[in-house]
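For reference, the chains in residue letters:
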There are 2 protein chains.
Amino acid sequence: MTNIRDLAKMAGVSVTTVSRVINNHPYVSEEKKNAVLKAIQDSNYHKNINAVHLSRGKTLLMGVVLPYSDHPYFALLLKGIAKQALEHNYKLVLFQTDYMKSRELEALDMLKHKQIDSLVICSRSCHVSTIEDHLQYGPIVLCENMKGKELSTTFINHYKTFVNALEYLYQKGHRNIGYCIGRKTGTNSRQRELAYSNFVNKYQLEYNQEYIIDQCLYFEDGEKVLKRILGMTNTPSALIVTNDQVAAGIVTACQSLDISIPKQLAIIGFDNQPIARMMNITSFELPLEEMGENMFLQAVNAEVTHKEFSVQFIERGTV
Amino acid sequence: MTNIRDLAKMAGVSVTTVSRVINNHPYVSEEKKNAVLKAIQDSNYHKNINAVHLSRGKTLLMGVVLPYSDHPYFALLLKGIAKQALEHNYKLVLFQTDYMKSRELEALDMLKHKQIDSLVICSRSCHVSTIEDHLQYGPIVLCENMKGKELSTTFINHYKTFVNALEYLYQKGHRNIGYCIGRKTGTNSRQRELAYSNFVNKYQLEYNQEYIIDQCLYFEDGEKVLKRILGMTNTPSALIVTNDQVAAGIVTACQSLDISIPKQLAIIGFDNQPIARMMNITSFELPLEEMGENMFLQAVNAEVTHKEFSVQFIERGTV
């Protein structure tokens, strides 16, 4: 690779002169300028943009941390982020973590080393204090309710939404209600767990650990969920499923076993993806793409903001 | 941001000395070394990795061009690429193009300017000659059959697969066969079109332009497809659908209109995603994740290779 020193040699000028020509600096004689331009042409030299970024202190790269890129929830957040990235001439550096802490730390490290300007964390494994330690290096945005912290956040009220879902099912006569989530340890799932515990206490229902089913991510997991609840001594009569794909998978698995929905099993999905509308699944609509767009905008702004998005309940045929 | 010049000033040494300390170069006195290390600590300076990359000529960033990140076909390719990226300590820079040429050119430009080391193009809008012009800047991998070209490729034989699907439907008695694709202009779709034309000629069937339905990408597009074929004067009796999500959407739309599958409409899907298995949809299995992994490996290798992946036909209940 030709460097600036080689160009100077070829053109018979100083390194400073080459640098001036490259950066359109005035005070370079026509003669020298032409010599440098010829050297650039002859050598097929391209200004190394890393060097330009270095001088500007900006990379126009934004990191995006997400556990899975092939999961509709995260794919839609990413779509929103990518949409704004396009408009703002930013590129995205993807960290598909599979919830590995080491992978998240790599993203934080890239921020520390100025390889990216900012970071959007769609879902995290690291402790929030680890993330806060990196705020000195650039903006970090989280997709969870962390009001008051020194990081920008975009979120929905998972506690309230879950309470609404539980109360709706209770009004419809359900007393054995289970729920399906991605993982138990996330902030959002801890809010759901709290809502569930409070609900169970309020109506003096039995708290059945079995009713909380995790690792529910994809359509095909619906089969596994149905198998699992059919194996329980006290089968739940209703399920809140935090992902429409899984809800659709459960509905499909029920159809092939002639289990009647909602009569034998009521289902509430989440996100209101197109599959929910087409399969007539009751669901909560989450504006995921807009949330992604908002996270991008928060990440390019130095100001710390918190934005709650509202959720809409869509009544259909599965309850 | 503190730079190397600031550090030199703070430590009372030359810029060269600071650079030597940062790069663990020998021949620096203990005294000067300690002064520099103290300045680094005091200023909260972090070695700018862009500068390190600059000196090494490597970024460990790989560009990935894909039209949509929320589409299962591309999400699975991306999953495979990301899996290998993780193992090889590469980060991915995402270019979600929506098939805009300008966006693809940006990716090629980043390769040219050494901001990324290599580029995987999952689907392109640019002419192949534009892409070939950029091969001098780093490896580029395409996901289409381009044997003989100077770029590495990973692909399946879309022509042969389409012929097999058409012949299978013909043997089952179908004479009015339509098909659904993402877009008409892609290399893969041109191969399918060729297979279709040859098939129609071979059996002296009518070539019906209406039977080629494009813009079929998501589950919800199934509804649109069904509406469209129901509006035709000569409704096709079978559809080849190049995406299981759309196939599942058509099956679901048929169910809600009491259209019997395969009696009134036969369907062959593509990719053999889990939704195809659960909804008992006949499909062709494409090893998308493996293909993604292979593209990553081709992109980190200087050697130009071509790898064809084989496709497996999965007979189920929709034909």
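Per an unreviewed UniProt entry, the recorded name for chain A is LacI family DNA-binding transcriptional regulator, and the organism is Metabacillus halosaccharovorans.

Peer 1: Which parts of the structure should I look at to understand the overall build of chain A?
Peer 2: Along chain A, the regular secondary structure elements total 13 helices and 12 strands. Here the C-alpha radius of gyration of chain A, 26 Å, is well above what a compact globule of 319 residues would show, namely 20 Å. Counting only C-alpha atoms and orienting by the principal axes, one finds that chain A spans roughly 90 × 40 × 30 Å. Counting only residues that meet the buried cut, chain A has 57% of its 319 residues in that class. Pairs at least 24 apart in sequence give 68% of the contacts found in chain A among residues at least 6 apart. Charged side chains in chain A number 34 positive and 33 negative. The centres of these two groups are separated by 4 Å.

Peer 1: I'm lost on the pattern of salt bridges in this one. Help?
Peer 2: Pairing between side chains of opposite charge can happen when their charged atoms approach one another. Evaluated as defined, the whole model comprises 17 salt bridges over all chains. Across the pair A:K224 and A:D221 runs a salt bridge whose closest N-O atoms are separated by 3.8 Å. With a gap of three residues between them, A:K224 and A:D221 both fall in helix α10 (residues 221-230), about one helical turn apart. If you follow the salt bridges from partner to partner, you end up with A:K79, A:E289 and B:D70 in one network.

Peer 1: Looking at this structure, how should I read the sheet that holds strand β10 (residues 283-285) of chain A?
Peer 2: Paired through their backbone hydrogen bonds, the strands of a sheet run either parallel or antiparallel. Residue and element names in this part refer to chain A. Taking strand neighbours across the sheet as the criterion, the six strands line up as β7-β6-β8-β9-β10-β12 in an open arrangement whose pairing is mixed. Each end of this open sheet is capped by a strand with a single partner; those strands are β7 (212-213) and β12 (312-314). Two elements, strand β6 (residues 177-180) and β7, share two bridges in a ladder whose sense is parallel. Residue Y179 lies in a different strand from β7, and its bridge partner there is I212. Each of β6 and β7 is contacted by helix α9 (residues 187-202), which is oriented at about 175 degrees to β6, the strand it contacts most.

Peer 1: Explanation requested: the packing of aromatic side chains in the structure shown.
Peer 2: Two aromatic rings are characterised by how far apart their centres lie and by the angle between their planes. A full pass over the atoms with the stated rule returns 28 aromatic pairs over all chains. With 4.9 Å between their ring centres and 80 degrees between their planes, A:F162 and A:Y179 make a pair best called edge-to-face. Within this pair, whereas A:F162 is found in helix α8 (residues 158-171), its partner A:Y179 is found in strand β6, the two being separated by 17 residues in sequence. In this pair, the class of A:F162 matches that of A:Y179, namely buried. Here the basic side chain of B:R175 rests over the ring of B:Y170, its NZ or CZ set 3.6 Å away from the ring centre. One Lys or Arg, B:R183, reaches over the ring of B:Y99 and ends 3.7 Å from the middle of that ring.

Peer 1: When you look at the packing of α10(A) against helix α11 (residues 244-256) of chain A in this model, what are you seeing that I'm missing?
Peer 2: All names here are of chain A. Packing of α10 against α11 leaves a shortest axis separation of 7 Å and a crossing angle of 60 degrees. Taken together, the axis directions place α10 and α11 in an arrangement best described as oblique. Classified by chirality, the crossing of α11 by α10 is right-handed. Between α10 and α11, the residues in contact are G222, E223, V225 and L226 and V246, G249, I250, A253 and C254, respectively.

Peer 1: How should the state of the cysteines be read in this particular structure?
Peer 2: By definition, a disulfide links two cysteine residues through a covalent bond between their sulfur atoms. Summed over all chains, the structure comprises zero disulfides over all chains. With no disulfide of its own, A:C122 has A:C143 as its nearest cysteine by sulfur position, at a separation of 6.2 Å. Overall, A:C122 belongs to the buried group, its relative accessible area being 4%. B:C126 takes part in no disulfide bond, and the closest cysteine sulfur, belonging to B:C122, lies 14 Å away.

Peer 1: Help me understand the nonpolar core in this model?
Peer 2: The nonpolar side chains of soluble globular proteins are, as a tendency, buried together. Counting 153 residues, the largest nonpolar core has A:I250 and B:I250 as the members making the most contacts within it. Ignoring sequence-local partners within four residues, the contact set of A:I250 consists of A:C180, A:G222, A:V225, A:L239, A:V241, A:L265 and A:I267. Residues A:A107, A:L151, B:V65 and B:L151 belong to the second largest nonpolar core, which totals 38 residues.

Peer 1: It is not clear to me how the environment of B:A195 should be interpreted in this structure. Could you clarify?
Peer 2: Residues and elements named next belong to chain B. Tracing the chain through its elements places A195 in helix α9 (residues 187-202). Given the relative accessible area of 1%, A195 is considered buried. Sequence spacing of A195 and S256 is 61 residues, and the spatial spacing of their C-alpha atoms is 33 Å. Setting aside its immediate chain neighbours within four residues, A195 contacts Y159, F162, V163 and L166.

Peer 1: Any chance you could explain the domain arrangement of chain A here in plain terms?
Peer 2: A common way to state how big an interface is: give the accessible area lost once the parts meet. Domain assignment breaks chain A into domain 1 (4-47), domain 2 (57-156 + 289-310) and domain 3 (158-285). Domain 1 of chain A and domain 3 of chain A are separated by 67 Å when their C-alpha centres are compared.

What counts, and at which threshold
Residues numbered from 1 in each chain as written. Chains lettered and ligands numbered in written order. Predicted model: local features only at pLDDT ≥ 70, side-chain atom pairs only at ≥ 80, totals over all residues. Heavy atoms only, no water. Helix = DSSP H or I, 4+ residues; strand = E, 2+ residues; numbered from the N terminus. Rg over C-alpha atoms; globule rule 2.2 N^0.38 Å. Buried < 20%, exposed > 50% of the residue type's maximum accessible area, 1.4 Å probe, protein only. Contact = heavy atoms within 4.5 Å. Lys, Arg positive; Asp, Glu negative; His and termini not counted. Charge placed at Lys NZ, Arg CZ, Asp CG, Glu CD. Salt bridge = Lys/Arg side-chain N within 4 Å of Asp/Glu carboxyl O. Pairing = 2+ DSSP bridges. Axes fitted to C-alpha atoms, helices over the stretch in contact; angles between N-to-C directions. Phe/Tyr/Trp six-rings, centres within 6.5 Å; stacked < 30°, edge-to-face > 60°. Lys NZ or Arg CZ within 6 Å of the ring centre and 35° of its normal. Parallel < 35°, antiparallel > 145°, perpendicular 65-115°, else oblique. Left-handed = near helix turned anticlockwise from the far one by under 90°. Disulfide = S-S within 2.5 Å. Core = buried A, V, L, I, M, F, W, Y, C linked by side-chain atoms within 4.5 Å. Domains from an automatic or database assignment.

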